[in-house]
Amino acid sequence: MIEVRGLTKTFGSFKAVDDLTFTVQPGIVTGFLGPNGAGKSTTMRMILGLDKPTAGSALVEGVPYAQLDKPLTTVGALLDAKWVHPNRSARAHLQWMAASNGIPKSRVEEVLRLVGLSEVAGKKAGGFSLGMSQRLGLAGALLGDPKVLLFDEPVNGLDPEGIVWIRKFMQRLASEGRTVLVSSHLLSEMALTAERLVVIGRGRLIADTTVADFVAKSSESTVRVRSPQLDALRSALTSAGLTVREDGGADGTAALLVIDTTTDQVGTLAGENGIVLHELASKQGSLEDAFMKITGEDVQYHAEGVQEIMGGAL
Ligand SMILES: Nc1ncnc2c1ncn2[C@@H]1O[C@H](COP(=O)(O)OP(=O)(O)OP(=O)(O)O)[C@@H](O)[C@H]1O
Ligand SMILES: [Mg+2]
């Protein structure tokens, strides 16, 4: 388990991480999501004792990282896959890590097998592709057979095959009862990998929930409606206080999009006003829409919406 309480980090007058509180449970993959610069890496570095918090605390299995007896056997991390000695072989790199952490040499072959690097273990790590480097990083994280694992943007730059491999690997680690926290700025990727999400923006907590709940709560439910009495329908909807947008269909048929409502509400209003409907459909927003809306990542492109977006989310 990872417990983050009031965690804060300031660089000069800039708050990179602002009073974050959340818990990461074992047995599932938890996605740590936020746009670029949100504070994900800084938070992970504090959990791993690499950065000192300005305020608050982070506990790994109930203990601050600095007080862990044999850290690698409790928590493993993949922060920067290219952090290896370029002239060392993958095996030598892991053997050096094992030796300096009191981990038996036999475990090196085990983790090489787990990540599928046994056959290239004698090659220099400096010549590895990004995918192979990521696997080597994972092997290092698993060396101490830790209960807690942190991965910072592990699929960045990987090809589709590599992404699927990492995704399945993380889910397997979680199914073994481990605590798995994986950061990403891609909601669509996290939706396929994680069960729960901790979402941050500008260093602050935005959501701590399941993927399904995050999408349901944060995306607007729009209803698309067509009618031969479009004008009457539009005024009935706006009179009821609903927001209505025009939506010309691909076939040229005019339709209305009604924001933040249900098909029940629109259907009832039409019925009460004696309006014929030719189509009534609900459209759930996409994951990416939900993420954009709630983190305000699109702020720079929609300047007028800034206050609304950030005010609503934070
Ligand atoms: N050592 C540092 N000194 C000053 N500012 C820093 C330092 N480290 C991070 N920051 C700033 O803190 C903010 C959060 O950075 P961080 O790397 O934690 O974000 P992130 O969520 O990991 O982003 P990304 O998705 O780009 O990896 C950024 O604005 C960054 O510029
Ligand atoms: Mg980062």
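Please read these numbers as outputs of a predicted model, since none were measured by experiment.

What counts, and where the lines are drawn
- Residues numbered from 1 in each chain as written.
- Chains lettered and ligands numbered in written order.
- Predicted model: local features only at pLDDT ≥ 70, side-chain atom pairs only at ≥ 80, totals over all residues.
- Heavy atoms only, no water.
- Core = buried A, V, L, I, M, F, W, Y, C linked by side-chain atoms within 4.5 Å.
- Buried < 20%, exposed > 50% of the residue type's maximum accessible area, 1.4 Å probe, protein only.
- Contact = heavy atoms within 4.5 Å.
- Near = heavy atom within 4 Å.
- Polar contact = N/O pair within 3.5 Å; in protein donor to acceptor, adjacent residues only side chain to side chain.
- Helix = DSSP H or I, 4+ residues; strand = E, 2+ residues; numbered from the N terminus.
- Nonpolar A, V, L, I, M, F, W, Y, C, P; charged D, E, K, R; others polar.
- Pairing = 2+ DSSP bridges.
- Axes fitted to C-alpha atoms, helices over the stretch in contact; angles between N-to-C directions.

Peer 1: Is there a simple way to explain the nonpolar core in this structure?
Peer 2: In terms of nonpolar packing, the biggest core is built from 47 residues, with Leu 94, Phe 151, Leu 197 and Val 199 touching the most fellow members. If we ignore the near neighbours within four places in the chain, the residues touching Val 199 are Leu 33, Arg 204, Leu 205, Ile 206, Ala 207, Phe 214, Phe 291 and Thr 295. Counting residues in each nonpolar core, the second largest holds 22 residues, with Leu 20, Phe 22, Ile 47 and Ile 200 among its members.

Peer 1: How should I be thinking about the site of ligand 1 in this particular structure?
Peer 2: Close to ligand 1 lie Phe 11, Phe 14, Ala 16, Pro 35, Asn 36, Gly 37, Ala 38, Gly 39, Lys 40, Ser 41, Thr 42 and Glu 153, which account for all nearby residues. With respect to ligand 1, the side chain of Lys 40 contributes an N or O atom lying 2.8 Å from an oxygen atom. In this structure, an oxygen atom belonging to ligand 1 sits 2.8 Å away from a side-chain N or O atom of Ser 41. Sorting elements by how many residues they give to the shell around ligand 1 places helix H1 (residues 40-47) first, with three residues. Partitioned by chemical class, the residues of the shell around ligand 1 number five nonpolar, five polar and two charged.

Peer 1: I tried to follow the sheet that holds strand E5 (residues 63-64) on my own but got confused; where do I start?
Peer 2: Within a sheet, adjacent strands bond to each other through the backbone by hydrogen bonds, running parallel or antiparallel. A sheet is described by the order of its strands in space; here four strands give the open sequence E2-E1-E4-E5, paired in antiparallel fashion. Two strands in the sheet have a free side with no partner beyond their single neighbour: strand E2 (14-24) and E5. Here strand E1 (residues 2-11) runs beside strand E4 (residues 55-60); their pairing, made up of five bridges, is antiparallel. Each residue of the ladder has a partner; that of Glu 3, found in E4, is Leu 59. Against the sheet, H1 makes contact with E1, E2 and E4, and its axis sits at roughly 120° relative to E1, the strand it touches most.

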